Amino acid sequence: MTEQRVSVEITHNIAHVKLNRADKLNALDMPMFIAIRQTIKTLRKNRDIRAVILSGNGEDFCSGLDVKSIMKSPMSMIKLLFKVLPWHANLAQVVSTGWQDIPVPVICAIHGRCWGGGLQIALGADFRFATPDSSLSILEGKWGLIPDMGGTIALRDLLAIDQAKKLAMTAEAFTGQQALALNLVTEITASPLADAHTFALTLMQQSPDAIAANKKLYNKSWQGSKGWALFRESYYQIRILMGKNVHRKIYNQTHKAEQHKPFVARKKW
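Residues numbered from 1 in each chain as written. Predicted model: local features only at pLDDT ≥ 70, side-chain atom pairs only at ≥ 80, totals over all residues. Heavy atoms only, no water.

Per the secondary structure count, the protein includes 12 helices and 9 strands. The globule rule puts the C-alpha radius of gyration for 269 residues at 18 Å, and the 19 Å found for the protein is close to it. Across its three principal axes, the protein shows a C-alpha extent of roughly 60 × 40 × 35 Å. Across the 269 residues of the protein, 45% fall into the buried class. Considering only contacts within the protein whose residues lie at least 6 apart along the sequence, 70% involve residues at least 24 apart. By element, 58% of the accessible surface of the protein is carried by carbon and sulfur atoms, the whole surface being about 14200 Å². Each charge class in the protein can be summarised by its mean position, and for the 34 positive and 21 negative side chains these summaries are 9 Å apart. (Helix = DSSP H or I, 4+ residues; strand = E, 2+ residues; numbered from the N terminus. Rg over C-alpha atoms; globule rule 2.2 N^0.38 Å. Buried < 20%, exposed > 50% of the residue type's maximum accessible area, 1.4 Å probe, protein only. Contact = heavy atoms within 4.5 Å. Areas by Shrake-Rupley, 256 points an atom, 1.4 Å probe, with all protein chains shown as cover. Lys, Arg positive; Asp, Glu negative; His and termini not counted. Charge placed at Lys NZ, Arg CZ, Asp CG, Glu CD.)

Taken together, the 6 strands give an open sheet; going across it, the order is β1-β2-β3-β4-β6-β9, and neighbouring strands pair in mixed fashion. Single-partner strands in this sheet number two, and they are β1 (6-11) and β9 (187-188). Where strand β6 (residues 127-130) and β9 come together, 2 bridges link them in parallel fashion. Its bridge partner lying in β9, phenylalanine 129 is registered against glutamate 187. This element, helix α9 (residues 192-203), spans β2 (14-19), β3 (51-56), β4 (106-110), β6 and β9 of the sheet and lies at about 145 degrees to β6. (Pairing = 2+ DSSP bridges. Axes fitted to C-alpha atoms, helices over the stretch in contact; angles between N-to-C directions.)

Okay, the pairing of β1 next. With 6 bridges joining them, β1 and β2 adopt antiparallel strand pairing. Bridge pairing in β2 links valine 8 to valine 17. Hairpin connection of β1 to β2: 2 residues between the antiparallel strands, including histidine 12 at a positive phi of 50 degrees.

The next thing to look at is the packing of aromatic side chains. The description of an aromatic ring pair rests on the distance of the ring centres and on the angle between the ring planes. Here the structure, examined in full by the defined rule, presents 7 aromatic pairs. Clustering of aromatic rings is evident, with ring pairs tying together Trp228, Phe231, Tyr235, Tyr236 and Trp269. Over the face of the ring belonging to tryptophan 115 we find arginine 113, whose NZ or CZ atom lies 5.6 Å from the ring centre. The lysine or arginine in question, lysine 261, covers the ring of tyrosine 251, its NZ or CZ lying 4.4 Å from the ring centre. (Phe/Tyr/Trp six-rings, centres within 6.5 Å; stacked < 30°, edge-to-face > 60°. Lys NZ or Arg CZ within 6 Å of the ring centre and 35° of its normal.)

Spelled out as C-alpha cells, the structure:
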C-alpha cells in the first residue's frame, strides 16, 4: 500500500521522487507518511545519487493532511506524534526534516496547492522552485492546530519571526510570487520541474563531496557558535582534500570537456 503513495525513479544519478496520490490532491494519509519516510531512508544510503527532485503528480504538489483519514483512527495520531526521545523527529516531522539527512541537494518543484503538511515537506528541501500562481499556506490554523511537522526549523532561517507568526496564525494562502518576496521559495518559474532538473545538472558538475560537505557545513553552522563553525570548515576541508573527487574536479577544471574524468562515489557524510 505504501509503495503506491510515492514513486521513485533514478535516472542519470538524479532521484525523481513524486508524491503519487493525485486523485486526493496528494493529501497525506498514513501510508504516504510511511512511504515518504522509507524513501528518505533509502535515498540517504545511496551514495551514487547526485541530486533529488521532489514533486507531486497531478494538479497539486500536496494539499496537506488528509484530515478525515487521519482523524478516523486515534492510533494514526499516536503513530504520527510518538517519539522515543523528545528531541528526535517523529513520523510527522521526519517527512520534512529527513530530506536534510540526504547528503545531496534536494530540490522541490511546487505547483498548484502546497498547503499545510505539503508546505512543511517543501520547507525540508534545500531549494524550492515554484510557479508564480502556486498556492502556499501554513494551513494548520484552519483546523485549530499548529504546524508540527518540522517546518519551523526551516522557517527560522528563511522568514522574519513576525511574518512567520502572521502566516501561521491566519492560515492565509499566498502565491508563489508572494512566497518569493517572503524568501520562502528559491526561484519562480513557469516550469519548476524542468528548471529543477536543469539546476540539478548544474550542481552535478561539482564534486559530490564538496556538495555534501557544503550542505552539512551550513546546516550545522547556520545556527550555533562561531567556534564550531570554524572547526567544521577546517575539518570538512581536510576530509575533502583526502579524497579523490577534489583531484578529479581540479583536473576537469583545467582540461577540455571531452577530457573530463567522472567523479567517484562520495564519502559517507
